[in-house]
Amino acid sequence: MAETKGSIPDTPLFDRAGSLRGYRLNKMAMGLGQAANRDAFKADEDAYLARFGLTAEELTAVKSRDWHEMVRLGGNLFFILKIAAVDPTPITEIGAAQAGMSHDDFVYERLGRKRNG
């Protein structure tokens with residue numbers, strides 16, 4: 001991945017190339033904005049995902065809820081959040097995954113909350 005001035009190392013850039021690379025993944029996730037698609041996703045995730053021709057990597061990332069990998073594969077975080085809303089997954093868990101931190105460390109270090117325990 002090429003770095004540009006002021007870029008954050010190891011942070012995927014969502015540009016035209018990323019958008020094209022993540023088209024299938026983003027189309028699938030955007031579909032979750034409709035109640036019927038959310039119901040279909042919850043009822044049979046494999047069947048819902050099969051509609052979009054996702055690659056094996058994309059399928060693995062979605063099914064394991066690997067937020068960092070979905071973004072690396074070209075997923076737009078705003079679309080990926082629609083998957084999190086179906087589960088539901090707290091946005092802080094996604095932030096922790098993106099930062100490569102445990103959830104507890106993330107909320108402590110990034111949000112200033114007290115540690116559990």
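Residues numbered from 1 in each chain as written. Predicted model: local features only at pLDDT ≥ 70, side-chain atom pairs only at ≥ 80, totals over all residues. Heavy atoms only, no water.

## Things to note about the packing of aromatic side chains
Evaluated as defined, the whole model comprises two aromatic pairs. Pairing Phe 41 with Tyr 48 gives two aromatic rings, centres 5.6 Å apart and planes at 85 degrees, and the pair type is edge-to-face. Take Phe 41: its relative accessible area is 2%, and that puts it in the buried class. Accessibility expressed as a relative area gives 1% for Tyr 48, which makes it buried. Pairing Tyr 48 with Phe 52 gives two aromatic rings, centres 5.1 Å apart and planes at 55 degrees, and the pair type is tilted. Owing to a relative accessible area of 17%, Phe 52 belongs among the buried residues under this scheme. Through a chain of ring-to-ring contacts, the aromatic side chains of Phe 41, Tyr 48 and Phe 52 assemble into a single cluster. (Phe/Tyr/Trp six-rings, centres within 6.5 Å; stacked < 30°, edge-to-face > 60°. Buried < 20%, exposed > 50% of the residue type's maximum accessible area, 1.4 Å probe, protein only.)

## Describing the pattern of salt bridges
In total, this model carries six salt bridges according to the counting rule given. Among the ionic pairs, Arg 72 bridges to Glu 69, the shortest N-O distance being 2.7 Å. Of this pair, Arg 72 and Glu 69 are both found in helix H6 (residues 67-72), three residues apart, which corresponds to roughly one turn of the helix. Since its relative accessible area comes to 40%, Arg 72 is described here as partly exposed. (Salt bridge = Lys/Arg side-chain N within 4 Å of Asp/Glu carboxyl O. Helix = DSSP H or I, 4+ residues; strand = E, 2+ residues; numbered from the N terminus.)

## As for the nonpolar core
Ranked by size, the top nonpolar core spans 20 residues in total, and within it Met 28, Tyr 48, Met 70 and Ile 83 carry the most contacts. Those elements giving two or more residues to this core turn out to be helix H2 (23-31), helix H3 (35-43), helix H4 (45-50), helix H5 (56-63), H6 and helix H7 (77-86). For this core, the element with the most residues is H7, which contributes four residues. Setting aside chain neighbours within four positions, we find Ile 83 in contact with Met 28, Ala 29, Leu 32, Phe 41, Val 62, Arg 65, Trp 67 and Met 70. (Core = buried A, V, L, I, M, F, W, Y, C linked by side-chain atoms within 4.5 Å. Contact = heavy atoms within 4.5 Å.)

## Digging into the side chain of Arg 65
For Arg 65, the position within the fold is in the loop between H5 and H6. Residue Arg 65 is classed as buried on the basis of its relative accessible area, which comes to 17%. Of note is the side chain of Arg 65, whose polar atom sits 2.8 Å from the side chain of Glu 45. A distance of 2.7 Å separates a polar atom in the side chain of Arg 65 from a polar atom in the side chain of Asp 87. With residues up to four places along the chain from it excluded, the contact list for Arg 65 reads Phe 41, Glu 45, Met 70, Ile 83 and Asp 87. (Polar contact = N/O pair within 3.5 Å; in protein donor to acceptor, adjacent residues only side chain to side chain.)

Any functional reading would require information beyond the geometric quantities listed.
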